[in-house]
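Next come the chains, spelled out residue by residue.
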Amino acid sequence: MKSDTLVLGAGIVGTSIALHLALRGQSVTLVDRRAPGEETSYGNAGLVEAASLYPVAFPRDFRALLDVALGRNPAANYHLSALPGLTRWMFNYWRASAPDRVLIYARVMQTLLSHSIAEHDHLAALAGAEHYFREGGWLKLYRTPQGLDVERREFPLARQYGLTAVEKSVDEALELEPALRPVFHGAVLWSDPHSVSSPGGVTKAYAAHFERLGGRLVQADARSLGAIPGGWRVETAKGRHDADRVVVALGPWARDLLDPLGVRVPLQVKRGYHMHYGAQGNAGLRRPVLDEEGGYVITPMEAGIRLTTGVEFARRDAPKSPVQLARTEALARDLFPLGPRLEPEPWMGCRPAFPDMLPAIGPVPRRPGLWLAIGHQHLGFTLGPVTGRLVAEMMTGADPVADPAPFAPGRFG
Ligand SMILES: Cc1cc2nc3c(=O)[nH]c(=O)nc-3n(C[C@H](O)[C@H](O)[C@H](O)COP(=O)(O)OP(=O)(O)OC[C@H]3O[C@@H](n4cnc5c(N)ncnc54)[C@H](O)[C@@H]3O)c2cc1C
């Protein structure tokens, strides 16, 4: 079977690329070993961000680092055994987290983030997935005046980009979210972001629309990828799938395929957990709520109130160690009347991340027809559709929605 493009990985990134190419009349085969949207793109907090201007940076001051090292920061955890393999990556992450570089990051990411909501809206309307989306922004809570002060530093940049961040007193925050308890000092409502009640459902809806347009969805192991004269081939039990080009959108699993091909990229993972809970009585949430110092987000989802944790530095395939979930659940129960856990075991997923915190989007130098769309770290659900548009425009020679240069895979040498 021959198509113009193979897309490997049917998370939000790969699915959006496949759909955008199909919308431009390209023949596309989308390959995944599972059904679409069942891995990282299923388990996230469902935020379609417009407002996270600064990245989730590596701690720069000694005290913050010490808190992480001593397990005093509920937002972070690490496996000691993973650190030797992460030293170089962490050093580069630390360097990229310097204040001047964070500003450059913010400017570059804004070229994509400023399209995130419009691009989701566009695909959701085509795919009939609008019912998953809600407006109302997200509410960030601060337990200390110092925490709120840090957040205020983002306001000037937000104003520059036309984003709305409004400080709320405790009472005002409780008017927005009446089920919360006043265990915090202050709040900020970022009103531009949207959120969804099922990120996996959204991804599946986009994939279904791709199939309605004639796109082929194939269940196969992408590691069977090999170069053939003038193109690329994936082998499955049921046959071969050839194409002129291939896009690797395997998220945290991209290096399983790229390392054997000799394509070296500094991709690592930041693991995270989630659990769904019932709510006591008729308590509910209207939007995602971040407890900044508590280190977690609670979001209303179809499946219940989803609590997502911060970052765990560990090997991708190391056994789960949901200590952050235990720590943050206790804090979340103070804040909101969570009911019982709804699943026997926490979900664990991996944010695919480069040390410079930017995704890699575009062709691989000196590998004709090989493209990457990986490393969307904390913002992959947000950026899937705009990444899809960018890749499709680059491939078809249209004017790109954003300058692709800062995201070029060639930046790793
Ligand atoms: C706890 C947590 C909270 C988050 N919250 C948010 C948020 O609120 N907003 C936001 O924008 N982002 C959020 N993120 C980040 C976001 O979820 C990811 O960046 C995004 O889902 C990555 O999408 P992807 O398509 O690159 O990867 P994935 O969704 O992981 O897709 C990769 C696909 O590749 C497939 N695959 C892997 N190996 C193979 C193989 N050998 N053969 C075939 N197929 C294969 C997998 O089955 C999978 O479907 C969060 C992440 C976590 C962990």
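It should be emphasised that the depicted structure is a prediction, and the values quoted were computed from it without experimental measurement. (Residues numbered from 1 in each chain as written. Predicted model: local features only at pLDDT ≥ 70, side-chain atom pairs only at ≥ 80, totals over all residues. Heavy atoms only, no water.)

What about the site of the ligand?
At step 1: The immediate surroundings of the ligand are formed by 31 residues, with Asp32, Thr40, Ser41, Ala222 and Thr382 found nearest.
At step 2: At 2.7 Å from an oxygen atom of the ligand is found a main-chain nitrogen or oxygen belonging to Thr382.
At step 3: Relative to its unbound accessible surface of 1,000 Å², the ligand loses 98% to contact with the protein.
At step 4: Listing elements by their share of the shell around the ligand, those giving two or more residues are helix H1 (12–23), helix H2 (40–43) and helix H13 (380–396).
At step 5: Counting residues per element, the shell around the ligand draws most heavily on H13, at three residues. (Near = heavy atom within 4 Å. Polar contact = N/O pair within 3.5 Å; in protein donor to acceptor, adjacent residues only side chain to side chain. Areas by Shrake-Rupley, 256 points an atom, 1.4 Å probe, with all protein chains shown as cover. Helix = DSSP H or I, 4+ residues; strand = E, 2+ residues; numbered from the N terminus.)

Describing the sheet that holds strand E5 (residues 133–134)
Note on sheets: strands pair through backbone hydrogen bonds, and any given pair is parallel or antiparallel.
At step 1: Spatial strand order, E3-E9-E5: three strands in an open sheet with antiparallel pairing. On the outer flanks of this sheet lie strand E3 (47–48) and E5, each paired with one strand and no other.
At step 2: Pairing between E5 and strand E9 (residues 194–196): two bridges, direction antiparallel. Note on E9: the bridge partner recorded for Phe133 is Val196. (Pairing = 2+ DSSP bridges.)

Points about the packing of helix H5 (residues 99–113) against H13
At step 1: Direction vectors running N to C along H5 and H13 enclose 80°, while the axes themselves pass 9 Å from each other. What the angle tells us is that H5 and H13 run roughly perpendicular. Listed contacts from H13 to Met109, Leu112 and Leu113 of H5 are Thr382, Leu383, Val386 and Leu390. (Axes fitted to C-alpha atoms, helices over the stretch in contact; angles between N-to-C directions. Parallel < 35°, antiparallel > 145°, perpendicular 65-115°, else oblique. Contact = heavy atoms within 4.5 Å.)

A word on the packing of H1 against helix H10 (residues 199–212)
At step 1: Taken N-terminus to C-terminus, the directions of H1 and H10 make an angle of 30°; their axes are 9 Å apart at the nearest point. In terms of axis orientation, H1 runs roughly parallel to H10. Crossing hand, H1 versus H10: left-handed. Facing H1, whose interface residues are Ile12, Thr15, Ser16, Ala18, Leu19 and Ala22, H10 presents Thr203, Tyr206, Ala207, His209 and Phe210. (Left-handed = near helix turned anticlockwise from the far one by under 90°.)

Looking at the side chain of Glu177
At step 1: On the secondary structure map, Glu177 appears in the loop between helix H9 (170–176) and strand E8 (186–190).
At step 2: Excluding residues that lie within four positions of it along the chain, Glu177 makes contacts with Leu139, Gly284, Leu285, Arg286, Arg287 and Val289.

A short note on the domain arrangement of the protein chain
At step 1: Once the domains are mapped, the protein chain shows domain 1 (2–41 + 200–266 + 356–412) and domain 2 (138–191 + 269–351).
At step 2: If you average the C-alpha positions of domain 1 and of domain 2, the two centres end up 31 Å apart.
At step 3: Taken together, the contacts link seven residues of domain 1 with seven residues of domain 2.
At step 4: With both chains or domains summed, domain 1 and domain 2 bury close to 650 Å², and 53% of this area falls on carbon and sulfur atoms.
At step 5: Ranking the residues of domain 1 by area buried against domain 2 places Thr40, Pro252 and His378 at the top, with a combined share of 62%.
At step 6: Class assignment of the residues belonging to the side of domain 1 that touches domain 2 gives a composition of two nonpolar, three polar and two charged. (Domains from an automatic or database assignment. Buried area = accessible area lost by both parts, 1.4 Å probe. Nonpolar A, V, L, I, M, F, W, Y, C, P; charged D, E, K, R; others polar.)

Some points on the pattern of salt bridges
Two side chains bearing opposite charge may form a pair once their charged atoms approach each other closely.
At step 1: Scanning the model with the defined rule gives 25 salt bridges in all.
At step 2: A salt bridge links Arg72 to Asp67, with the nearest nitrogen and oxygen atoms 2.9 Å apart.
At step 3: By relative accessible area, which is 49% here, Arg72 ends up partly exposed.
At step 4: The salt bridge partner of Asp242 is Arg233, with a shortest N-O separation of 2.7 Å. (Salt bridge = Lys/Arg side-chain N within 4 Å of Asp/Glu carboxyl O. Buried < 20%, exposed > 50% of the residue type's maximum accessible area, 1.4 Å probe, protein only.)

Digging into the pairing of strand E6 (residues 138–142)
At step 1: Counted residue by residue, E6 has five buried out of five residues, so it is predominantly covered.
At step 2: Here E6 shows no split at all, with Trp138, Lys140 and Tyr142 on one side and Leu139 and Leu141 on the other all buried.
At step 3: Where E6 lies against E8, five bridges are found, and the strand directions are antiparallel. For Leu139, the partnering residue across the bridge sits in E8 and is Leu189.
At step 4: Alignment of E6 against strand E15 (residues 289–291), held across three bridges, turns out to be parallel. In the sheet register, Lys140 faces E15, and the bridge partner there is Leu290.

A short note on the packing of aromatic side chains
At step 1: Counting across every chain of the model gives seven aromatic pairs.
At step 2: Centre to centre, the rings of Phe155 and Trp190 are 6.2 Å apart; their planes meet at 65°, and the pair counts as edge-to-face. Of this pair, Phe155 sits in helix H8 (residues 155–160) while Trp190 sits in strand E8, and the two are 35 residues apart along the sequence.
At step 3: Exposure remark for Phe155: the relative accessible area of 12% places this residue in the buried category.
At step 4: For Arg60, the ring lying beneath its charged end belongs to Trp94, and the centroid distance is 4.1 Å.
At step 5: Lying across the ring of Tyr42, Arg306 places its NZ or CZ 5.0 Å from the centre. (Phe/Tyr/Trp six-rings, centres within 6.5 Å; stacked < 30°, edge-to-face > 60°. Lys NZ or Arg CZ within 6 Å of the ring centre and 35° of its normal.)

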